[in-house]
2 protein chains.
Amino acid sequence: MRSTETSPLTRKLSVFVALSYVELAVLDRLHTRRRIFPAGRDMVHQGQSSRAAFILSAGWVCSYKLQPDGTRQIVDFQIPGDFLGLRSVLLRTSDHSFEPVMDIEASEVLDKDLLDAFAQTPRLATAILWAASRDEAMVVEHLVGIGRRDADARMAHFLLELEARLALVGLADSNGYECPLTQYHLADALGLSAVHVNRVLRHLREDGLLTFRDGHVTIHDHDALVKLAGFDASYLDQTGPLLT
Amino acid sequence: MRSTETSPLTRKLSVFVALSYVELAVLDRLHTRRRIFPAGRDMVHQGQSSRAAFILSAGWVCSYKLQPDGTRQIVDFQIPGDFLGLRSVLLRTSDHSFEPVMDIEASEVLDKDLLDAFAQTPRLATAILWAASRDEAMVVEHLVGIGRRDADARMAHFLLELEARLALVGLADSNGYECPLTQYHLADALGLSAVHVNRVLRHLREDGLLTFRDGHVTIHDHDALVKLAGFDASYLDQTGPLLT
């Protein structure tokens with residue numbers, strides 16, 4: 001079993017809060033029920049009453065809302081260090097579904113254990129509130145993307161956001177990152193057709209901005225991408241601990 | 001000065017956590033810097049570094065993101081009992097702007113006081129995490145609305161959500177609620193033109209579902225509206241305390 005000192009969640013929360021030994025130990029105990037979940041099978045169904053959340057330690061997950069007509073809207077993707085269903089535990093019903101994009105590893109956290117952890121270490125509760133705020137800021141950006149950005153800017157913004165998120169947990173470098181998403185995931189998340197997604201990715205490649213091929217995103221011209229997307233990373237708050 | 005025992009925020013958080021005298025006193029201290037803000041002038045600008053959040057006690061506020069081309073996307077409206085800029089304090093930069101829809105009353109909360117309050121009463125931190133989760137669930141619904149719902153369903157969903165939120169803080173009854181939003185607010189929030197908003201409201205009125213006139217929403221047929229919108233209120237979690 002991996003040590004929590006280097007777990008992606010610890011790494012992420014440490015950006016906001018300098019964690020003490022006691023806090024690290026409490027986080028550690030939240031990682032005891034590790035499980036593997038296979039790709040393509042829902043871990044949590046929309047409407048299910050939720051007594052547990054998950055901390056994702058390896059792999060990618062897609063969260064989506066099912067519509068009454070059977071179509072789905074992808075709300076976000078979760079990467080290592082993200083909570084799955086934190087909101088559902090607090091709201092007591094899952095308002096969306098989670099589907100692993102690949103085989104993943106995640107730790108189940110019972111609502112009681114989570115609430116106990118908050119009671120023991122308020123700084124941890126504050127750090128998790130920070131992470132939840134960051135998640136909300138991302139959903140806001142996706143809303144703005146679908147409402148206001150053209151297809152090229154929307155894609156560029158989405159891929160830059162992923163780069164920043166992955167960099168925070170050590171899964172991106174200056175060249176780019178591994179990305180297991182298909183054109184169907186991208187289309188659904190961005191409100192585009194799969195054909196449109198292909199066209200947009202071709203534009204970005206032909207303009208020398210980025211290449212997304214064989215599960216890898218390679219960024220060629222970061223500044224130009226940022227400009228195209230109107231990307232301001234401050235909502236991802238990667239600037240170092242506020243609580244020291 | 002009003003007593004916090006009956007402040008809208010206290011009323012809202014009490015749905016999730018049965019608050020003790022100590023917790024009520026801590027909440028009370030967060031309400032000491034009350035101020036009036038005039039309609040139509042931004043309280044917080046996007047990009048501003050934020051050392052304070054606000055607790056809204058009277059009136060409505062609109063939160064929006066400004067786009068590089070100068071257009072704006074309304075993300076949500078805040079009603080009494082809501083935080084303004086909680087996310088901005090935690091992320092240290094405001095990722096959006098707040099504009100009072102009417103003259104409002106709000107209490108300024110310094111970041112330090114908020115973090116101190118969390119340290120004193122972890123249950124309060126958990127309750128505020130619950131409120132933030134609920135806010136995020138609303139943004140997710142708005143994303144799905146813009147991405148997937150037709151104009152009539154989108155409007156019906158939006159007005160039903162407002163009814164549920166207002167009911168929680170005692171500002172809606174079985175007939176409906178006061179609503180200061182203009183057709184321009186509705187158009188911007190729902191991604192419709194003002195003309196389209198008028199047409200949709202006429203449909204809903206002619207079908208005997210609801211009337212929005214002279215700043216008041218009157219609901220005539222709740223069940224039919226819920227069906228049209230595919231509205232499932234569980235994401236608003238109004239079911240009573242989890243933390244007792």
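Anything mentioned here points back to the structure above.
Residues numbered from 1 in each chain as written. Chains lettered and ligands numbered in written order. Predicted model: local features only at pLDDT ≥ 70, side-chain atom pairs only at ≥ 80, totals over all residues. Heavy atoms only, no water.

Draft legend 1. Fine view of the packing of helix 4 (residues 111-120) of chain A against helix 5 (residues 122-148) of chain B. Relative to each other, helix 4 of chain A and helix 5 of chain B sit at 130°, their axes nearing to 8 Å. Classified by the interaxial angle, the pair formed by helix 4 of chain A and helix 5 of chain B is oblique. Helix 4 of chain A and helix 5 of chain B meet at a crossing whose hand is right-handed. Side by side, helix 4 of chain A and helix 5 of chain B meet where A:Leu115, A:Phe118 and A:Ala119 of the first sit next to B:Pro122, B:Thr126 and B:Leu129 of the second. Taken together, the residues of the contact of helix 4 of chain A with helix 5 of chain B break down into 5 nonpolar, 1 polar and no charged. (Axes fitted to C-alpha atoms, helices over the stretch in contact; angles between N-to-C directions. Helix = DSSP H or I, 4+ residues; strand = E, 2+ residues; numbered from the N terminus. Parallel < 35°, antiparallel > 145°, perpendicular 65-115°, else oblique. Left-handed = near helix turned anticlockwise from the far one by under 90°. Contact = heavy atoms within 4.5 Å. Nonpolar A, V, L, I, M, F, W, Y, C, P; charged D, E, K, R; others polar.)

Draft legend 2. Spotlight on the packing of aromatic side chains. Residue and element names in this part refer to chain A. Applying the stated criterion across every chain yields a total of 8 aromatic pairs over all chains. Geometrically, the ring pair formed by phenylalanine 37 and phenylalanine 54 is edge-to-face, given 5.3 Å between the ring centres and 85° between the ring planes. With phenylalanine 37 in strand 1 (residues 34-37) and phenylalanine 54 in strand 2 (residues 52-58), this pair connects stretches of sequence that are 17 residues apart. Take phenylalanine 37: its relative accessible area is 8%, and that puts it in the buried class. Overall, the relative accessible area of 6% leaves phenylalanine 54 in the buried class. Where phenylalanine 77 meets phenylalanine 158, the ring centres are 5.9 Å apart and the plane angle is 65°; that geometry is what we call edge-to-face. In this pair, phenylalanine 77 sits in strand 4 (residues 72-78) while phenylalanine 158 sits in helix 6 (residues 151-168), placing the two residues 81 residues apart along the sequence. For phenylalanine 158, a relative accessible area of 5% gives the class buried. (Phe/Tyr/Trp six-rings, centres within 6.5 Å; stacked < 30°, edge-to-face > 60°. Buried < 20%, exposed > 50% of the residue type's maximum accessible area, 1.4 Å probe, protein only.)

Draft legend 3. Molecular detail of the pairing of strand 10 (residues 210-213) of chain A. Residues and elements named next belong to chain A. Sheet topology note: the strand 10/strand 11 (residues 216-219) ladder contains 4 bridges and is antiparallel. Across the sheet, residue arginine 213 finds its bridge partner in strand 11, namely histidine 216. Hairpin geometry of strand 10 and strand 11 is characterised by an intervening segment of 2 residues between the two adjacent antiparallel strands and by a positive phi of about 50° at aspartate 214. (Pairing = 2+ DSSP bridges.)

Draft legend 4. Quick peek at the interface of chain B and chain A. Opposite the 51 residues of chain B that make contact, chain A presents 51 residues. Of the roughly 4,600 Å² buried between chain B and chain A on both sides combined, carbon and sulfur atoms contribute 67%. Contact with chain A buries surface across chain B, with B:Arg92, B:Leu143 and B:Arg148 losing the most and accounting together for 16% of the total. Taken together, chain B and chain A are joined by 6 salt bridges. Here A:Arg148 makes a salt bridge to B:Asp188, at a shortest N to O gap of 3.1 Å. In this assembly, chain B and chain A are joined by 10 residue pairs in polar contact (both at pLDDT 80 or more). Secondary-structure elements contributing two or more residues to the side of chain B that touches chain A are strand 4 (72-78), helix 3 (86-91), helix 4 (111-120) and helix 5 of chain B. If you tally residues by element for the side of chain B that touches chain A, the top one is helix 5 of chain B, at 21 residues. For the side of chain B that touches chain A, a count of residues per class yields 26 nonpolar, 12 polar and 13 charged. (Buried area = accessible area lost by both parts, 1.4 Å probe. Salt bridge = Lys/Arg side-chain N within 4 Å of Asp/Glu carboxyl O. Polar contact = N/O pair within 3.5 Å; in protein donor to acceptor, adjacent residues only side chain to side chain.)

Draft legend 5. Geometry of the sheet that holds strand 5 (residues 83-84) of chain B. All names here are of chain B. Strands sit in the order 1-7-2-5 across an open sheet of 4 strands; the sheet is antiparallel. On the outer flanks of this sheet lie strand 1 (34-37) and strand 5, each paired with one strand and no other. Contacts between helix 4 and the sheet are confined to strand 2 (52-58), strand 5 and strand 7 (104-110), with strand 7 contributing the most and set at about 75° to the helix.

Draft legend 6. Local environment of the environment of A:Asp221. Residues and elements named next belong to chain A. Residue position: aspartate 221 is located in the loop between strand 11 and helix 9 (222-229). Note: C-alpha distance between aspartate 221 and aspartate 207 (14 residues apart in sequence) is 9.4 Å. With residues near it in sequence (within four places) discarded, aspartate 221 still touches Gly208 and Leu209. Within the local environment of aspartate 221, its side chain forms a polar contact with the backbone nitrogen of alanine 224, the two atoms lying 3.1 Å apart.

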